[in-house]
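# Structure at a glance
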Amino acid sequence: MIQVGELTLISALIFSAVSQAPLESVEVVWIRDGVEQELRTKTNVRGETYENFRASAPGSTTMEAQIRDPKGRPFDSKQFVFTVVERP
């Protein structure tokens, strides 16, 4: 659970399905509640990438980390679902 207005950091780990090694410099597309965000992030040497978002309303919200093939088609993704509550 997160609170309205709270800044939340999400992390994603990208690794090779073949070697299980982390993948560096992979572009990650972030999608919030079904809307693709302008900002893209790239993985570091450990295959990690991060994105911040601020919950704006109570209810359920989703963030998705997506990687794409060279033609821009979705290749793999992970969705994060959060319950957002009013501040006490």
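About the thresholds
Residues numbered from 1 in each chain as written. Predicted model: local features only at pLDDT ≥ 70, side-chain atom pairs only at ≥ 80, totals over all residues. Heavy atoms only, no water. Helix = DSSP H or I, 4+ residues; strand = E, 2+ residues; numbered from the N terminus. Buried < 20%, exposed > 50% of the residue type's maximum accessible area, 1.4 Å probe, protein only. Contact = heavy atoms within 4.5 Å. Areas by Shrake-Rupley, 256 points an atom, 1.4 Å probe, with all protein chains shown as cover. Lys, Arg positive; Asp, Glu negative; His and termini not counted. Charge placed at Lys NZ, Arg CZ, Asp CG, Glu CD. Salt bridge = Lys/Arg side-chain N within 4 Å of Asp/Glu carboxyl O. Core = buried A, V, L, I, M, F, W, Y, C linked by side-chain atoms within 4.5 Å. Phe/Tyr/Trp six-rings, centres within 6.5 Å; stacked < 30°, edge-to-face > 60°. Pairing = 2+ DSSP bridges.

## Topic: the overall build of the protein
A tally of regular secondary structure across the protein gives zero helices and seven strands. Across the protein, helices and strands are ordered from the amino to the carboxyl terminus as β-β-β-β-β-β-β. Taken along its principal axes, the extent of the C-alpha atoms in the protein is 45 × 25 × 20 Å. Relative to its 88 residues, the protein shows a buried fraction of 34%. Within the protein, residue pairs in contact and separated by at least 24 positions form 54% of the contacts whose partners lie at least 6 positions apart. In the form shown here, the protein has an accessible surface area of approximately 5900 Å², with 53% of it arising from carbon and sulfur atoms. For the protein, the separation between the mean place of its 10 positive charges and that of its 12 negative charges on side chains is 2 Å.

## As for the pattern of salt bridges
Under the defined criterion, the tally for this structure stands at four salt bridges. Residue Glu36 pairs with Arg68 through a salt bridge whose shortest N-O separation is 2.7 Å. You can see Glu36 sitting in strand β4 (residues 35-42) and its partner Arg68 sitting in strand β6 (residues 59-68), a full 32 residues away along the chain. Under the relative-accessibility criterion, Glu36 is labelled partly exposed at 39%.

## Focus: the nonpolar core
Counting 16 residues, the largest nonpolar core has Ile10 and Trp30 as the members making the most contacts within it. Going through the elements one at a time, β2 (7-13), β3 (27-32), β6 and β7 (74-85) are the ones with two or more residues in this core. Beyond its immediate chain neighbours, meaning those up to four positions away, Ile10 contacts Trp30, Thr49, Tyr50, Glu51, Phe53, Met63, Phe80 and Phe82.

## Quick word on the packing of aromatic side chains
Here the structure, examined in full by the defined rule, presents one aromatic pair. On the numbers, 5.3 Å between centres and 55° between planes, the contact of Phe53 with Phe82 is tilted. With Phe53 in strand β5 (residues 48-54) and Phe82 in strand β7, the pair connects residues that are 29 residues apart, well separated along the chain.

## With respect to the sheet that holds β3
With respect to topology, five strands assemble into an open sheet ordered β1-β7-β6-β3-β4, the strand pairing being mixed. The two strands at the open ends of the sheet, each matched to only one other strand, are β1 (2-3) and β4.

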